[in-house]
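An overview of the molecular structure
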Amino acid sequence: MIRFPALGAGLFALLTAAPAPAAPPEATVPNPLLAPWTGPHGGVPPFDKVEVALFEPALEAAMAEQLAEVERIANDPAPPTFENTLAALERSGGAMDRVGALYSVYSGNMGTPEFQAVQREMSPRLAAFNDQILQNEKLFARVAAVYDPRESAKVTPEQKRLTWYTHTNFVRAGAKLDAAGKKRVGEINQRLATLFTTFNQNLLADETDDVLVLDGEKDLAGLPDALRAAAAGAAEQRGHKGKWAILNTRSSTEPFLTYSDRRDLRQKVWTTYYNRGDHGDAKDNNAVVTEILKLRAERAKLLGYETHAHWRLENTMAGTPERALELLETVWKPAVARVHEEVADMQALAGGAARSAAATRSPRDEAQIRIEPWDYRYYAEKVRKAKYDLDENELKPYLQLDKLREGMFWVAGELFGFRFSPLQGIPVYHPDVTVYEVKDAALRHVGLWYFDPYARPGKRSGAWMNAYRVQERFRSEVPTIVSNNANFVKGQPGEPVLVSWTDATTLFHEFGHALHGLNSSVSYPSLAGTRVSRDFVEFPSQLLEHWLSTPEVLNRFALHHQTGKPMPADLARKIERAATFNQGFATVEYLASALIDMKLHLAGEKTIDPDAFERETLAALGMPPQIVMRHRTPQFAHAFGSDSYSAGYYSYLWSDTLTADAYEAFVEAGGPYDKAVARRLRDTVLAVGNTVDPVDAYRAFRGRDPQIRALMLKRGFPVPAEASTTR
Ligand SMILES: [Zn+2]
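Assigned secondary structure in the protein consists of 29 helices and seven strands. Computed over the C-alpha atoms, the radius of gyration of the protein is 25 Å, within 12% of the 27 Å expected from 2.2 N^0.38 for a compact globule of 727 residues. In terms of overall dimensions, the protein has a C-alpha envelope of 85 × 60 × 60 Å along the principal axes. Scored against the burial criterion, the 727 residues of the protein give a buried share of 60%. Here the protein holds 84 positive side-chain charges and 91 negative ones, and the gap between their average locations is 2 Å.

As structure tokens, this is what we get:
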């Protein structure tokens with residue numbers, strides 16, 4: 001199968017880009033990373049045989065093998081057919097798929113300095129490799145011949161979709177350009193691959209190196225016990241035994257900003273976190289961003305598009321940047337209005353007058369506490385307590401990681417008939433990783449699910465899903481292998497790991513991606529599972545978040561870690577009542593990033609100073625001064641760590657519009673566990689992968705196009721009169 005890097009085929013199309021590889025090194029011993037996978041269920045990844053030094057020769061050999069396969073397809077003397085061209089391309093690159101899966105696991109989870117050196121070396125070469133395939137003129141001529149309407153009339157709908165998909169991706173990558181144009185696109189892709197690697201490694205360095213060490217009770221004021229324990233563990237790992245460390249990552253800084261009574265330390269932690277990639281030293285990302293934007297704009301023009309954003313959004317559900325912006329802007333105003341209300345509530349607790357951008361400040365106001373960005377989470381938590389009598393710390397004892405995992409399995413059983421059971425003796429890349437077999441209601445094998453829940457040095461921050469192998473059946477039944485990865489802080493041996501409500505929601509979110517992959521039932525791997533349009537892929541994942549707060553899950557699985565008693569009904573009710581609390585903040589910090597991402601990529605070829613662009617654009621939008629972008633430009637890995645989410649951060653809101661609207665379908669029927677709606681969701685959305693246009697898939701599920709009403713209600717915003725933004 002070919003990787004279409006710019007389209008972000010999988011969730012983590014980490015093999016981002018492709019030049020002519022050198023001849024593979026002379027191999028005397030077979031490289032174990034190239035070998036077909038052995039073991040149960042169609043084979044499993046050979047993590048026990050991985051050594052970092054094996055990656056470079058394995059990738060080189062896999063590239064050479066696929067290029068040879070592609071040459072054979074391109075030079076086939078027989079006239080082009082679906083079978084000898086499209087299906088043949090799907091069959092190609094087996095070794096590349098296997099090595100690529102291992103390489104992507106190491107990129108996300110095992111980023112040692114030794115592996116990072118391999119990435120720096122390989123990323124431009126992989127970019128050149130992809131272009132070598134996509135710019136192969138004989139190959140494209142064959143694909144185009146099959147794409148011809150007279151030819152494509154002879155194929156099944158799925159084969160027709162695959163032909164369209166492959167053809168359009170060749171064209172989008174520059175297959176119709178002249179030789180000079182192709183050469184320039186290739187140069188740009190290689191340079192971008194290097195810049196993405198630099199961006200990511202700078203960011204990882206800032207997240208790893210900047211640690212705030214706390215020294216005693218005074219520094220710990222306000223921090224709950226669980227957070228103190230985690231900080232003590234983190235300090236000990238970094239050679240500060242007996243002290244407490246706040247790491248420069250989201251999962252470490254957010255709870256600190258929520259609970260620390262020390263305003264000076266909050267300001268310090270906040271400033272360090274939001275200045276990642278932006279402090280004028282050797283790891284500064286501003287110049288990297290400027291160059292990425294310039295190259296993307298040049299490439300888009302070469303390929304015949306107005307801007308990078310227009311190129312990226314073609315063939316998405318939104319279709320054009322204008323339609324994506326329209327949705328973002330529809331939600332922006334009510335969200336900002338809500339922020340002003342939230343700030344007023346906080347200000348009332350903090351004392352002092354609320355600051356607005358236009359307000360003139362008297363010397364008296366200056367003397368009082370005014371809500372600043374490092375105060376938002378802290379005072380929001382106090383308002384939550386005052387208004388809803390809900391303390392996040394009250395929830396945590398009921399949110400045990402192991403029980404939540406069982407809860408997710410149970411939900412997957414109720415909705416899709418899946419059963420999960422642990423498998424022993426499967427090779428893993430780290431002892432923390434566990435492996436489960438997934439079976440369907442008839443006890444047939446469906447796939448494997450790898451779970452890697454804990455933070456450790458060298459693992460990228462956040463949480464994600466990955467597919468080590470996608471489902472396919474055009475040759476024989478190939479079951480999928482998926483993983484969920486997160487950054488929970490590992491507890492003491494024998495102690496349960498307690499997580500926050502937000503983290504529990506994230507856990508369900510990523511599991512939603514995994515279920516999308518596990519439900520896949522298609523013929524061709526390029527169209528399987530989560531390989532759908534970016535603004536559709538977050539729909540199944542955000543949808544599954546809704547099941548966490550169902551009474552069925554809370555009563556069975558939100559069990560107190562000491563008493564084993566389920567979460568009391570009134571606590572569950574408080575969660576429900578507070579569901580729209582702080583949605584102004586959450587929506588505005590997200591939207592600010594989504595708007596900047598889109599506007600940066602609509603700006604064309606002019607040289608952009610990221611700091612100035614961010615400042616001026618946010619001022620023009622009326623950004624509340626108490627909030628900062630969730631991802632500021634020099635740390636915005638979605639936009640600059642690869643092409644795959646660039647001009648695509650809007651996708652989360654786009655998908656959430658679908659999500660909110662789709663959940664209503666369950667509510668309107670028998671509730672979240674309605675079997676008929678769950679089956680329809682599986683058959684029309686999850687099983688079909690990218691074999692169906694997402695617009696049609698959604699229509700088949702809902703019986704109509706999505707409406708924005710449910711999204712606005714879910715976030716507690718007024719429903720606009722013209723309540724239909726998305727197609
Ligand atoms: Zn997601």
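Moving on from the coordinates now.
Here we come to helix α27 (residues 675-686). Here α27 has its buried residues at Val677, Ala678, Leu681, Thr684, Val685 and Leu686. All buried residues of α27 lie within an arc of 150° about the axis, which places them on one face of the element. The secondary structure elements touched by the buried residues of α27 are α18 (401-416), α19 (501-518), α20 (534-545), α26 (651-668) and α28 (694-702). With a side-chain oxygen positioned 3.2 Å from the backbone nitrogen of Ala676, the residue opening α27 is Asp674.

In this section: the coordination of the zinc ion. The protein atoms that coordinate the zinc ion are His509 (NE2), His513 (NE2) and Glu538 (OE), at distances spanning 2.0 to 2.1 Å. Read from N- to C-terminus, the donor residues coordinating the zinc ion fall into the pattern H-x3-H-x24-E. With His509 in helix α19 and Glu538 in helix α20, the pair connects residues that are 29 residues apart, well separated along the chain. Taking the relative accessible area as the measure of exposure, Glu538 reaches 2% and is therefore buried.

This next bit is on the packing of aromatic side chains. The full count for this structure, using the stated rule, is 42 aromatic pairs. Taking 5.1 Å as the distance between ring centres and 90° as the angle between the ring planes, the aromatic pair formed by Phe636 and Tyr649 counts as edge-to-face. On the criterion of sequence distance, the pair formed by Phe636 in the loop between α24 (610-621) and α25 (637-640) and Tyr649 in the loop between α25 and α26 is long-range, its members being 13 residues apart. Neither Phe636 nor Tyr649 differs from the other in exposure class; each is buried. An aromatic cluster is defined as three or more aromatic residues linked by ring pairs; in this entry it consists of Phe409, Phe420, Tyr436, Trp449, Phe451 and Phe511. The side chain of Arg534 reaches across the aromatic face of Tyr645, ending 3.8 Å from its centre.

Next up on the list: helix α12 (residues 286-302). Look at α12: 25 Å from first C-alpha to last across 17 residues, which is about the 24 Å you get at 1.5 Å a residue. Where α12 terminates, the next one or two residues include Gly304, which has phi positive at roughly 95°.

In this section: the confidence of the model for the protein. Atom-level detail of predicted coordinates should not be read off regions where pLDDT is low. Of the residues in the protein, 93% reach a pLDDT of 70 or more, and the chain-wide mean stands at 91. Confidence drops under pLDDT 50 across residues 6-25; counting only partners more than four residues distant or on other chains, this segment forms 73 contacts. Below pLDDT 50 for its whole length, residues 353-367 participates in 16 contacts with residues either more than four positions away or in separate chains.

Okay, the pattern of salt bridges next. Within this structure, the stated rule accounts for 52 salt bridges. Linking Glu254 and Arg250 is a salt bridge whose minimum nitrogen-to-oxygen distance equals 2.8 Å. Taken together, the residues span about one helical turn, with Glu254 and Arg250 both in helix α10 (residues 250-259) at a distance of four residues. Through salt bridges with shared partners, a single ionic network connects Arg250, Glu254, Arg377, Glu589 and Arg630.

Note that strand β3 (residues 419-423) and strand β4 (residues 434-439) share five bridges and pair antiparallel. Counterpart to Ser421 in the pairing with β4 is Glu437. What sits between β4 and strand β5 (residues 445-454) in their antiparallel hairpin is a turn of five residues, with Leu443 showing a positive phi close to 65°.

Remark: α26 packs on α28, axes separated minimally by 11 Å, with the N-to-C direction vectors making an angle of 20°. Taken together, the axes of α26 and α28 are roughly parallel relative to one another. Our pair here, α26 against α28, has a crossing hand that is left-handed. Mapping the contact onto sequence places Leu658, Asp661, Ala662, Glu664, Ala665, Phe666 and Glu668 in α26 and Tyr698, Phe701 and Arg702 in α28. Its residues placed into classes, the contact of α26 with α28 shows six nonpolar, no polar and four charged.

A separate point is the sheet that holds β4. Read across the sheet, five strands follow the order β3-β4-β5-β7-β6 without closing on themselves; strand pairing throughout is mixed. Each edge of the sheet is formed by a strand with only one pairing partner; in this case those strands are β3 and β6 (464-469). Here the strands of the sheet are splayed against their neighbours by 30° on average, with no regard to which way each runs.

Here the focus is the side chain of Thr163. Positionally, Thr163 belongs in helix α7 (residues 157-172). Not counting the four nearest positions on each side in its chain, Thr163 is found in contact with Phe82, Leu86, Val146 and Tyr147.

Once that is clear, we can look at the environment of Glu298. Relative to the assigned elements, Glu298 resides in helix α12. Residues in contact with Glu298, not counting those within four places in the same chain, are Arg184, Ile188 and Glu605.

Relative to the assigned elements, Glu56 resides in helix α1 (residues 52-74). Leaving out residues up to four positions away in the same chain, Glu56 has contacts with Glu121, Met122 and Arg125.

What follows deals with the nonpolar core. Core analysis: the largest hydrophobic core is formed by 135 residues, its most contacted members being Phe420, Trp449, Phe511 and Trp547. Here the element with the most residues in this core is helix α14 (residues 321-350); it accounts for 12 residues. Ignoring anything within four residues of it in the chain, the contact list for Trp449 reads Arg405, Met408, Phe409, Phe420, Thr434, Val435, Tyr436, Val438, Val482, Asn484, Phe511 and Ala514. Leu34, Ala62, Val70 and Val433 belong to the second largest nonpolar core, which has 50 residues in total.

A few words now on the packing of α1 against helix α3 (residues 94-109). Axis separation between α1 and α3 bottoms out at 9 Å; the angle between their running directions is 150°. Pair α1 / α3 crosses with left-handed handedness. When α1 is examined against α3, the residues Val52, Phe55, Ala58, Leu59, Ala62, Met63, Glu65 and Gln66 are found in contact with a partner set consisting of Ala95, Met96, Val99, Leu102, Tyr103 and Tyr106. A class-by-class count of the residues in the contact of α1 with α3 yields 12 nonpolar, one polar and one charged.

One non-glycine residue, His41, adopts positive backbone phi at about 55°. Structurally, the position occupied by His41 is in the segment before α1. Taking the relative accessible area as the measure of exposure, His41 reaches 25% and is therefore partly exposed.

Basis of the calculations
Residues numbered from 1 in each chain as written. Predicted model: local features only at pLDDT ≥ 70, side-chain atom pairs only at ≥ 80, totals over all residues. Heavy atoms only, no water. Helix = DSSP H or I, 4+ residues; strand = E, 2+ residues; numbered from the N terminus. Rg over C-alpha atoms; globule rule 2.2 N^0.38 Å. Buried < 20%, exposed > 50% of the residue type's maximum accessible area, 1.4 Å probe, protein only. Lys, Arg positive; Asp, Glu negative; His and termini not counted. Charge placed at Lys NZ, Arg CZ, Asp CG, Glu CD. Arc of directions from axis to C-beta. Contact = heavy atoms within 4.5 Å. Polar contact = N/O pair within 3.5 Å; in protein donor to acceptor, adjacent residues only side chain to side chain. Donors = N, O, S within 2.8 Å, 3.2 Å for Na, K, Ca; no water. Phe/Tyr/Trp six-rings, centres within 6.5 Å; stacked < 30°, edge-to-face > 60°. Lys NZ or Arg CZ within 6 Å of the ring centre and 35° of its normal. Expected span 1.5 Å × (residues − 1). pLDDT = per-residue confidence, 0-100. Salt bridge = Lys/Arg side-chain N within 4 Å of Asp/Glu carboxyl O. Pairing = 2+ DSSP bridges. Axes fitted to C-alpha atoms, helices over the stretch in contact; angles between N-to-C directions. Parallel < 35°, antiparallel > 145°, perpendicular 65-115°, else oblique. Left-handed = near helix turned anticlockwise from the far one by under 90°. Nonpolar A, V, L, I, M, F, W, Y, C, P; charged D, E, K, R; others polar. Core = buried A, V, L, I, M, F, W, Y, C linked by side-chain atoms within 4.5 Å.

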